[in-house]
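Architecture and fold: a report
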Amino acid sequence: MGSRSLMGMEVPIIGSDSVKWVELSVPSSSSSAIDTANAGACAAADSFAFPPLTEDYSSCSIIGDPPTYFFWRIHKSIPYALELVELRANKEFPTTGLGIIFPDALCPFAYICKDEFSSTSKGPYLLYALTVSGVAYVLRLGDISAYASSSIFARNEYLECNLQTHPNKVRVTAVAASTGCLLVGREDGSVSSFQLGVLDQSAPGFVHELRDDTGFGRLWGIVSRGRAVGAVQDLVVKELHGKKLLYVLHLDGNLRVWDLSGRNRVFSHSMNFPRLAGCTFSRLWIGEADHKTSTIPLAVLCRDSSQVVWEMITISRLQYNLGDRIVLSMEPYIRNIPLEEGGFINVQLTSDRIWILNEDGLICYDLCSTNDNAEEAHCYAMQEAFVADQLFQSSEHTFSDLICITHSVFSSSKDQIVPFAASTFLHRLLHPGVYQSKVLRATLQDYHKRYTDSEFQSMTVEGLKKEILSVVEHEAVTENPISTFYCWRNFCTCYFHHWRKSSAPLHLFLDSSKGAFGLIRKSSISLFRNMEDIELLIYGFFDEDGDFISSGLSLSDSDLEHEILIDVVRCISSLSRQLGKASSALFYESLISGPIISMEEIIPSLLKIVETGYGSSIVELQKIELGADIALEKERVDHKRLRKFSIEMLLSLHALSNKATSWGRVLNVIERYLKYFIPGKVIQRLNSKTMVCNMNNATLVQATAQVAKVMFESALDVLLLLSYLVNIAGQIHMIHHDILRIQLELVPMIQEIVVEWLIIHFFAITPSELPYIEDFSSQLSSLQIDSNTDNRSLKKKLGRCDFTLAFILLSNVENSCIDAQGCLPNPDNIVSLVTDFTSWVIWGRSGENESLSFFPHSTELALILFMHGQYTAVEYLLTTVDGHSRRERISQSVQSNDGGWCILHHTLGCCLLVQAQSRLNETLKERKVGEAIRSFFRASSGLGASQALQSLSSEVGLPHLGFSGCTSDASWKLHYYQWAMQIFEQYGISEGACQFGLAALEQVDEALSDTEDSLDESAIAVKGRLWANVFKFTLDLNHYYDAYCAIISNPDDESKYICLRRFLIVLYERGAMKFLCDGQLPFIGLTEKVERELAWKAERSDISAKPNVYKFLYAFEMHRHNWRRAAMYIYLYSSRLRVEVATKDMRHLSLALQERLDGLSAAINALHLVQPAYAWIDTLLDGGSRHNEHYPSKKARKTVEEPYNVLTVAAGGDVQPQRLRPYVDIGKLENEFVLTSAEYMLSLKNVKLTSSGTLKLSSELVGLLVQENLYDMAFTVLLKFWKGSELKRELERVFIDMSLKCCPSRVGFPLVGGDFRKHGLLLTSSADDVGMHGAHDMPLSTQQHIGKSRWEELELYLGRYNRFHGRLPVVVAETLLHSDPQIELPLWLVNMFKGGRRANIWGMSGQESNPASLLRLYVDYGRYTEATNLLLEYIELLASTRPSDIIHRKKPCSVWFPYTIIERLWCQLEELINRGHMTDQCHKLKKLLHDALLRHLKLLKVDSEDVVSSATC
């Protein structure tokens, strides 16, 4: 746009791009209708038809007062459909529009008017349309929102007229309409009028052709034409003093005006001036009549394509005179405006201005000026430029600067670059005016993301962000930040391409009566606003190249100060161009996205870039990005540019200082300049009334965002310049006083301005968020948000991209002047609305807030947002205000006497508390909770906190305090801390509740001592309640030590004991009972109570529960060295197990028995620590007092000795010894331990005792142990409980069973003295029988292995326990021989009988198991060969005595042989011989025996004689 000054800016209407179209079809009943699918081809061949559409068309119809605006579009891609939107300024922009589907393609024409003819029509409006095939339609329209999709117009709701059925069939070249009249201009220059909708098509006068002749003898249908005129190019209908005039522009430049009411021509003029010779005239625009000057402005579009194609707008005026008839005349004044290159779109005309819309922008010319120079024109900033800047698409340098600046600022934290870039681009993509749902969906489809309509429409802001991030992260395959930046750029480039395609400008509309004008785009609608004064000052000084352009605004009456200001702004502009637009983007994002980097850190980083350029790391990045050669060239250019900037800036500053004579004067000018950035105060312009969000609000919000952005960026530029002056103060000769003034006055002032506009911009562009599911229930009930339609509508919009925080704020204010008009705001009204709104945001309702605090209205805004669930916005607002207030040097600005500072922190605390309940990670949640706690403490301690917070109404949405009337500071804090404690408890945040409970305890004494604020409770009751709450919260946090300290600190005994019981129960349930035993808890007077509670819990708890209280009592007493009580509790545990688990299955029985064993073992070990005289425990657990004594003072109890029936104990029977009180000593515990061990080992073998009866159970127990090969346990039981002959008898039984297991056959075993089964040695269960039969089926190797192991076990245990009963070998041998008389006795068993050579040289005498016993067994069981050999062995052994032993042999009674058994052996052999059995063998054995006995007797004779001889000597 060259050097034209900027006059205004396009303001998109938020939500106009997301209209849902309700399709409504128009049926065709005419025989001449053309099929829709073939409409284009048929129309091209028909001489009557329009050519197919080559571009999109749109227009606007304004009806009524207050006006209703109808916007319509016809797209070339769907030429048979007309999109229609009805808009009223006092309502919000409609979410639905009509998509009217016609049977044929449409002409670029539509006209909407009020239905003034039919009182019975269903709709108040008429829509005129014409198809390319010449079929005209009149549709009666009702309420658009009442139509259902895919419905069809009823026959009585539309009229249809085929123009081809009428006589004149010349091609139609132009169409216009008026109420009840359709006007058609034709190629032959004629104009036909159809009274469509007024008269029936067959009625006379339905069709009338406007013609020149005025004769009176005309007959209908005979047309007398005047001189030939060119084809009709354009038709315009305008009303002048109640008469409708038709302006007709012909191709040859003739302009004719017809009075439609009289159907006569009132004006004709040829515009073929010499300057326009050879031009064709294609478009005509007529402005509204100026009644003061009696003129009508008009404009004509001329084209000349003879040599070089050019276009020009010719502007003129018609002078009119009203009398009996209208007289028009063309003024001699003519002004021509050549059109620049770029597609011409539309023109709008008023009496004093003309707006020309091109594809490149909108230009406004003042018609009062006769100068054709372009300098007289003003331009309007279009949305294309804004979107390009937002997405870094305006130039390649902008994106490159963003990369370099970001890496420079985040040089010390590289990991923040990628998240920062994502946040920057996401905020800009979802910026109102940039974001369009259709555009984003098309962009995501380019990245192969497909969504259904319902899926995409249901996405919230967070959902959209996640989808965009997933696409970019997928594209950025590497973690290189440069790669991520380029992926974002590619995404934005694709988005901008779709945005331009979807938002092409179509039509410029004008409401001349109200002064509003706007732009209809392909998928949205915009208005235009004028610039604020400060904006004119900012944009008016310099163009993009830095050349000065006067804005017409002066800040000072002094020419010198005005020149100084120009130089200052020139320096600001130069500094801003050096850094580029990316610096403001980075600065804004750093402030809006969180505490990544502060304002104090980013300003020096930017100035470092200005002073020294980018560092070496940036050069390396550019080498990677661009290549080494290009990067080096770019580095050289940047260095040259930096040197040029530094020199020019230094010279400019020196010149500025010289011109002003001192820097102080320059700073005065800057200070006055800064005052224009401060949001102005407007008094009583905005009233605090709730209203529906209307369309004006949508315009206001977007305009506010534009103004705030300009102000923020311009203020930032001033801040950078001031900081730059301080950095180079020595080079520009600035004195120290001026430096201090900048640092202490101007910089804080500009920082405050930056923060104010930052917050305003934040409100205008930040989408609202959906409220958290969990919210203050009291808030919802008090607010009754759903009590009216307006609030329900507002609630539904929360979470949408196009519904920002500013809409929520606007729902609480009303501009009575603007909204009462019910029309679209004109450019000046939009500016006024912005001024009013920004004043209300910063200063409040009246604008008279004189508080010294920064942003005094912030608390009221926060309460409004809080009431609607916008907690993130509330947190940002209040933390930003509080943070800036703390940076200010004036202490009064931090806290105000009116309690505003306290309300701020109280609101912030509530907000953070709600946020802590959302789905946050643990780290962020802890931070939110900590900040909430600090905020509540600050709120309670501020100036005026009591009055301010108690005066808060419950309607503001905050949790109600529930108390009032506190006058003293201590009483106020006590009640407030208790309220805070309850709120934190309500949200399940025990940490905060605990802190406020402790804080409340500190205030109790002082609060109760105040006579003015007396409490209904005593100090003990209040403290008891608070300590009980502290106990609960610390217990919830698993802070057991603190919880116990709260118990012992509680002065209320009843509350203390309740807490103690709860403490023990919770420790038990959480498995933390060991905490009581680690020695950290001081049991001050609570030991007995702790023990009593634990014992009570143990008695009433399930014995199988984990953890077990008995075990803990054992550990508790052991830790206190009370061994006897420890043994008692663990023994009680074992006893309960014995009784309660008797019915358990084998798996649980084994576990229970193991527990019993552990308990008994622990009890035994504990009693061993006690002196033997006191090593007993009392088995009665009574509730009497118990003394914690290592050694009791009383003596050991004496009891009457009685036999201890261990079998009764094993069977679970009650032991009732004859004593005063039952007790158990170590011996009894050991006995029970042995029996339990036996039962446990049997349970491992799935064997359970089933018998009852003491004696029988004894034999059964040992037998079962032996049967299951549990020999060690069996012998342990025997040795523990049997003595003397009983022990020997039981040992014999055991070894009989063991021996039988070694025998291959056990059939028919008659045991001397009784049957094995009778004595319980053989089991009678079916399982035993199965085992016996199954043994035959085992493999041979398995049987051999089992047999070998059994023989080894028999040898082992016989050798081990032979000393307890010497006759055991005899029992074993006799059992084996009885089971199988032919069995070969093992050698080790035979050796046990023989007892060794030295032990048997005196014959066959010896212990109970001697050779004689073995000889007897051989003889008894017919083993005569073995018996004979054994006897011969001992006889020969005696005969072969060594000489040294002969003297001993000759002693009397020194040698013994079992002669009786020998005799039996002799007799048995003779008996066998007599029977004839084994005769030879028996003879042989008898002969051997005879010979051996003869030798033996001879030896005895010799020895006897020697003895006699020795005796006589």
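Anything mentioned here points back to the structure above.
Heads up: these notes are all about the structure in this document.

Here is what the cut-offs are and how they apply
- Residues numbered from 1 in each chain as written.
- Predicted model: local features only at pLDDT ≥ 70, side-chain atom pairs only at ≥ 80, totals over all residues.
- Heavy atoms only, no water.
- Pairing = 2+ DSSP bridges.
- Helix = DSSP H or I, 4+ residues; strand = E, 2+ residues; numbered from the N terminus.
- Axes fitted to C-alpha atoms, helices over the stretch in contact; angles between N-to-C directions.
- Parallel < 35°, antiparallel > 145°, perpendicular 65-115°, else oblique.
- Left-handed = near helix turned anticlockwise from the far one by under 90°.
- Contact = heavy atoms within 4.5 Å.
- Nonpolar A, V, L, I, M, F, W, Y, C, P; charged D, E, K, R; others polar.
- Expected span 1.5 Å × (residues − 1).
- Buried < 20%, exposed > 50% of the residue type's maximum accessible area, 1.4 Å probe, protein only.
- Phe/Tyr/Trp six-rings, centres within 6.5 Å; stacked < 30°, edge-to-face > 60°.

1. Structural notes on the sheet that holds strand β18 (residues 254–259)
Read across the open sheet, the 4 strands follow the order β16-β17-β18-β19; overall the sheet is antiparallel. Two strands lie at the open edges of the sheet, namely β16 (232–240) and β19 (264–270), each paired on one side alone. Put simply, the sheet's adjacent strands are angled 20 degrees from each other on average, direction ignored. The pairing of strand β17 (residues 243–250) with β18 spans 5 bridges and is antiparallel. Pairing of L245 across the sheet is with D259, part of β18.

2. Here we look at unusual backbone geometry
The omega torsion of the bond from D65 to P66 falls at 5 degrees, within 30 degrees of zero and hence cis. Within the secondary structure layout, P66 lies in the loop between β3 (57–63) and β4 (68–74). Even without being glycine, F392 reaches a positive phi, approximately 55 degrees. By secondary structure assignment, the location of F392 is in the loop between α2 (383–390) and α3 (396–409). Not every positive phi belongs to a glycine, and N1269 is a case in point at roughly 65 degrees. With respect to the element layout, N1269 can be found in the loop between α39 (1254–1267) and α40 (1271–1281).

3. Some points on the packing of α40 against helix α41 (residues 1284–1302)
Where α40 contacts α41, the two axes come as close as 10 Å, and the packing angle between them is 165 degrees. Regarding the angle of α40 to α41, the classification is roughly antiparallel. As α40 runs across α41, the sense of the crossing is right-handed. Counted together, Y1271, F1275, L1278 and L1279 of α40 and L1287, E1290, L1291, V1294, F1295, M1298 and K1301 of α41 form the full contact between these two elements. The class makeup of the residues in the contact of α40 with α41 is 9 nonpolar, no polar and 2 charged.

4. Re helix α4 (residues 417–429)
Taking 1.5 Å per residue, 13 residues should reach 18 Å; α4 reaches 18 Å between its end C-alpha atoms and fits that length. With 10 of its 13 residues buried, α4 lies for the most part within the structure.

5. What about the packing of aromatic side chains?
A complete count under the given rule lists 51 aromatic pairs for this structure. Pairing F392 with F425 gives two aromatic rings, centres 5.5 Å apart and planes at 65 degrees, and the pair type is edge-to-face. Here the residue F392 occupies a position in the loop between α2 and α3, and F425 occupies one in helix α4, the gap between them amounting to 33 residues. For the pair F392 and F425, a shared accessibility class is recorded, and that class is buried. Centroid distance Y451 to F456: 5.7 Å. Interplanar angle 55 degrees. Geometry classified as tilted. Of the residues examined, F456 reaches a relative accessible area of 7% and is grouped as buried. An aromatic cluster is defined as three or more aromatic residues linked by ring pairs; in this entry it consists of F936, F937, W972, Y976, Y977, W979, F984 and F996.

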